[in-house]
Every structure is written in C-alpha cells, then in structure tokens.
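Residues per chain are reported as follows:
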Amino acid sequence: MTVRRDHHRYSKRVTRTKRWQVLRAEILERDGYRCCSCGCRGRLEVDHIKPVRTHPDLSYDPGNLQALCPRCHTRKTRIECGHPPPRKDRQEWRNMVEELEHPGKRGINQKEIKDA
C-alpha cells in the first residue's frame, strides 16, 4: 500500500472550524506574512510543527503553529508521513539554491523536522 493511502489527515477536523480561521489569520500576521523556513511571501499555509495526529492537545496552540509556503510545507509533511528525506547531495544543492534566492535565510533543517 502506498504512503498516501496510509496517511490520514488528522488536522482536517481542526482546520474546518471558525476558531482555526481566526487563529490562522493571527499566525500569518505574527509571522509577518512570510514563510518561516525560506522567507518567501505569497500564498502561505499554517503548519502544525508537532502534528495533530501525535499531539492533538496542541492543535490550537500558537506556539505549535508556523507559516510555511506550499513548497516548504509539502517537504516537511512528506518527511513526517514516512517518505525518505532528500539525498544528501540533493539537499546540499537545494540549500545552495535557497541561499542564492534568499541570502541570510536557512532552509528546513532535517534534524528539526525529526525532532518535531
């Protein structure tokens, strides 16, 4: 069975509420409407740092939420769902490209994702 079929989106119950919509707006404003990982602007998603499936008590905790662009959010979620992290050479390349695009910012640290 594929990873996608094994993955159940536990946060769906949380993200469909009015409380979430208000909290989402607060988090985006708190983070300055920028991705916390790469610093880009544009379309942003609010991510649970510690997933709802393992920490349901932190679903509405602002300290457990961060704004991420779709690219960074997908990367983080894929690793949480069991996909292997990118190969070392690919990650090094990605870090170099991100450094060129956003000087002074750092990408998602794989250790931080595993600790979450």
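Rules of the game
Residue indices follow the written sequence of each chain, beginning from 1 at its first position. For this predicted model, a pLDDT threshold of at least 70 governs which residues receive local features, and a threshold of 80 or more governs which side-chain atom pairs are given and counted, while totals over whole chains, interfaces and linings are taken from all residues. In computing side-chain properties, one takes all heavy atoms of the structure into account and sets aside hydrogens as well as water. Each Phe, Tyr or Trp ring, with Trp reduced to its six-membered ring, pairs with another whose centre is within 6.5 Å; inter-plane angles below 30 degrees give stacked pairs, above 60 give edge-to-face pairs, and intermediate values give tilted ones. Charge over a ring is defined by NZ of Lys or CZ of Arg lying within 6 Å of the ring centre and within 35 degrees of the ring normal. Here a helix means four or more residues in a row that DSSP labels H or I, a strand means two or more in a row labelled E, and each is numbered from the N terminus. As used in this structure description, the phrase polar contact means that two N or O atoms lie within 3.5 Å; if the pair is within protein, one of them must be able to donate a hydrogen and the other to accept it, and residues adjacent in sequence are counted only when both atoms belong to side chains. For this analysis, residues touch if any pair of their heavy atoms sits within 4.5 Å. Here, a salt bridge means any side-chain nitrogen of Lys or Arg that lies within 4 Å of a carboxyl oxygen of Asp or Glu.

### Re the packing of aromatic side chains
No. 1: The tally for this structure, following the rule as stated, stands at 0 aromatic pairs.
No. 2: One cation-aromatic arrangement involves arginine 19 over tyrosine 60; the distance from NZ or CZ to the ring centre is 3.9 Å.

### Details of the side chain of aspartate 31
No. 1: Looking at the element boundaries, aspartate 31 is found in the loop between helix H3 (18-30) and strand E1 (45-48).
No. 2: A polar atom in the side chain of aspartate 31 sits 2.9 Å from the backbone nitrogen of alanine 67.
No. 3: If we skip the residues at most four places from it in the chain, aspartate 31 touches Cys36, Gln66 and Ala67.

### A look at the pattern of salt bridges
Any two side chains of opposite charge can pair, so long as their charged atoms come close to each other.
No. 1: Inspection of the entire model under this criterion finds 5 salt bridges.
No. 2: When the shortest N-O distance is used, the salt bridge between aspartate 31 and arginine 30 registers 3.0 Å.
No. 3: Here arginine 43 makes a salt bridge to glutamate 45, at a shortest N to O gap of 2.9 Å.
No. 4: When salt bridges with common partners are traced through the structure, they connect Asp47, Lys76 and Glu80 into a single cluster.

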